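Inside the fold
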Amino acid sequence: MMLRKTYKCNQERKVIDISDFMPHKVSEVICIKCGKRWIAIRPENTLLEDMECPNHHIGFVIETGEELDEG
Ligand SMILES: [Zn+2]
């Protein structure tokens, strides 16, 4: 999904990536179905039950409790 907005400012054209301004969460999650563990970056309001693991299991994802800062 591309969310880009272009506007003109002082005759300079700038492109802003709107997703930079959306609150999102970075944390380690695990699929309890297959045991796959990965770092998930998602919008803050995404439900874990809606997440899909890399092996296509939906609804089996839980957080490991490890939260990571993007820095
Ligand atoms: Zn899985």
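Residues numbered from 1 in each chain as written. Predicted model: local features only at pLDDT ≥ 70, side-chain atom pairs only at ≥ 80, totals over all residues.

**A word on the environment of Lys 33**
Note the threshold: Where helices and strands are cited, they refer to DSSP runs of H or I of at least four residues and of E of at least two residues respectively, numbered from the N terminus. Burial in this document is a count-based property: other C-beta atoms within 10 Å of a residue's C-beta are tallied, and the residue is buried at 20 or more, exposed at 12 or fewer, or partly exposed in between, with C-beta positions derived from the backbone. Contacts are defined on C-beta atoms placed from the backbone: any two residues whose C-beta positions lie within 7 Å are in contact.
Structurally, the position occupied by Lys 33 is in the loop between strand S3 (24-31) and strand S4 (37-43). The class of Lys 33 is partly exposed, set by 14 C-beta atoms lying within 10 Å. Measuring from C-alpha to C-alpha, the distance between Lys 33 and Asn 55 comes to 9.4 Å, with 22 residues separating the pair along the chain. Excluding its chain neighbours within four sequence positions, the residues that come into contact with Lys 33 are His 57 and Phe 60.

**Considerations on the pairing of S4**
Here is the rule we go by: What makes two strands pair is DSSP finding at least two bridges between them.
Little of S4 sits out of view: just 0 of its 7 residues are buried. Examined bridge by bridge, S3 and S4 share 7 bridges and lie antiparallel to one another. The residue of S4 that forms the bridge with Ser 27 is Ala 40. Counted along the chain from S3 to the antiparallel partner S4, the turn is 5 residues long, and its residue Gly 35 has a positive phi close to 80°.

Note that all results are geometric; they support no functional claim without further evidence.
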